[in-house]
Amino acid sequence: MEKFKNHLFPFVISTLPILAVFFPAKNIGFFVLFTFLLALFEKNKIKNFKKNKSFLLPYIAFLSFGVLMAFLSKDVTTSLKALERYISLLVIPVIIFSSNLDLKRINFILKSFVILMLLVSVFSIGKLIWFVEVFGDWIEVMRGVNKNDTYLQFKYPHLMWDVHPSYWSYLMIIVNVILLNNTYFQRPFSKKISIFLLIIFNLNLLYLAARVPLFINFCIHLISITILFRKKIKYILFSYTIIFLTLTIAYYKLPFLSYKIKAISGDDRFFLWDVAHKKVKSNYYILGEGLGLSKQFIEEEIKSIEDPRKDYKGNEIHNQYLSFLLETGIIGVLFLLYIYIRPNVYINHKYKISISWPSLSIVILILMASIIEPFFSVIKGIIIFALFSSLFKLVYINYEKNKLLNKVNSKK
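Report on the accompanying structure. (Residues numbered from 1 in each chain as written. Predicted model: local features only at pLDDT ≥ 70, side-chain atom pairs only at ≥ 80, totals over all residues. Heavy atoms only, no water.)

Considering the overall build of the protein chain
Consideration 1: What the protein chain contains, in helices and strands, is 19 helices and 2 strands.
Consideration 2: Relative to its length of 412 residues, the protein chain is compact, with a C-alpha radius of gyration of 22 Å against a globular reference of 22 Å.
Consideration 3: In terms of overall dimensions, the protein chain has C-alpha extents of about 75 × 55 × 45 Å along its principal axes.
Consideration 4: Of all 412 residues assigned to the protein chain, the portion counted as buried reaches 50%.
Consideration 5: Residue pairs at least 24 apart in sequence account for 78% of intrachain contacts in the protein chain once pairs closer than 6 positions are excluded.
Consideration 6: Measuring between centres, the 49 positive side-chain charges of the protein chain sit 17 Å from its 24 negative side-chain charges. (Helix = DSSP H or I, 4+ residues; strand = E, 2+ residues; numbered from the N terminus. Rg over C-alpha atoms; globule rule 2.2 N^0.38 Å. Buried < 20%, exposed > 50% of the residue type's maximum accessible area, 1.4 Å probe, protein only. Contact = heavy atoms within 4.5 Å. Lys, Arg positive; Asp, Glu negative; His and termini not counted. Charge placed at Lys NZ, Arg CZ, Asp CG, Glu CD.)

In structure tokens:
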């Protein structure tokens, strides 16, 4: 029973980002609240909180800025509603930094997260096979209508309760980060299993065909391989060759992927970037429309101008930086960059700056994802960032502490 209690809390934490992506946004608050209540039964809460409270400052600073912008907004009610989703940005780090999470329990969280994501992948493949068997005739009809073979790949994420393919992909990128840093995380998986899982998740990523996540995953793999084999040029060149060959084959063998890449230059969403930028420019890049009011502004603006778009008719700008610039001005963007970077960086009492590769991977992911996604305007993006930025920070702190202890013991 004691073992069950010890593993229940870490397991629930591992489910949070998956639930945030695969379940309706209206239910996410209940999951976060349940995790918070479960955390109240953790040992040494006050002691851990006092020890780690300084790591909460970036989250508090960003949330404080959000509160200020909400009350200065021309539509306070809408802004406060937008601010609600940022509650998780503070609650989740409080849970992580107050709990009794040593490296062993964190290892369990990471291992559970990877296994759950593997089960998601297996289930999704099962649903895809079922769909092909049951709706084979319909797939043939859609091939004729589209005059290409993109339908099945397009339909794939919709079979999983209409999950957003980009955020599903971001979860798998974090899985890859964990597997690529298997040794750093005290080997939650053996070397062979790690390689096997990397192949599985990368194939799944390619089939989902979310362009920006694929590019982020590509960058993280290249940097990881370069770091891992920095003294072995032959291994680096071999790994690079495998990656580029895989991407080339995927481009020609996965029709939806090649279709999406070719469609980048004509993406309808870019039209809204120009609309938003004109307003930002008229505000001298300093003033903002109000927190959470970018969609409202775009909706009103579209009514007064000719809309040339054919495929995407939404009001979401799909650029977190531009959205924040429109809503809160340049100061808001600076706060956004601060919250993206600062929680993942460790500064000791001598002002020495250091960062682990897993934490840097989170920075790369969110900085790049925010170019084309409203990553920090949706609850799933906020939860992904809040959980893994704080968890990887805690890993780094424990890792450095253990390394120091080992160094001291070796001198005795």
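Moving on from the model shown.
As for the packing of aromatic side chains
Consideration 1: Taken as a whole, this structure holds 36 aromatic pairs when the rule is applied.
Consideration 2: Aromatic pair Trp130 and Phe135: ring centres 5.7 Å apart, planes at 80°, arrangement edge-to-face.
Consideration 3: Accessibility expressed as a relative area gives 44% for Trp130, which makes it partly exposed.
Consideration 4: Seen in terms of ring centroids, Phe376 and Phe385 are 5.4 Å apart; in terms of plane orientation they differ by 80°. Their pairing is edge-to-face.
Consideration 5: Judged by its relative accessible area of 0%, Phe376 is buried.
Consideration 6: A network of ring pairs unites the aromatic residues Phe62, Tyr86, Tyr321, Phe324, Tyr340, Phe376 and Phe385 as a single cluster.
Consideration 7: The lysine or arginine in question, Lys111, covers the ring of Phe189, its NZ or CZ lying 5.9 Å from the ring centre.
Consideration 8: The ring of Trp161 is capped by Lys127, whose NZ or CZ atom sits 5.9 Å from the centre of that ring. (Phe/Tyr/Trp six-rings, centres within 6.5 Å; stacked < 30°, edge-to-face > 60°. Lys NZ or Arg CZ within 6 Å of the ring centre and 35° of its normal.)

As for a nonpolar patch on the surface
Consideration 1: A contiguous nonpolar patch, built from Tyr284, Tyr285, Ile286, Leu287, Ile330, Ile331, Leu334, Leu337 and Ile341 and spanning about 870 Å² of accessible area, is present on the exposed surface.
Consideration 2: Note that Ile341 resides in helix 17 (residues 320-341).
Consideration 3: You can call Ile341 partly exposed: its relative accessible area is 35%. (Patch = residues over 30% accessible without salt bridge, like charges linked within 9 Å, V, L, I, M, F, W, Y side chains within 5 Å. Areas by Shrake-Rupley, 256 points an atom, 1.4 Å probe, with all protein chains shown as cover. Salt bridge = Lys/Arg side-chain N within 4 Å of Asp/Glu carboxyl O.)

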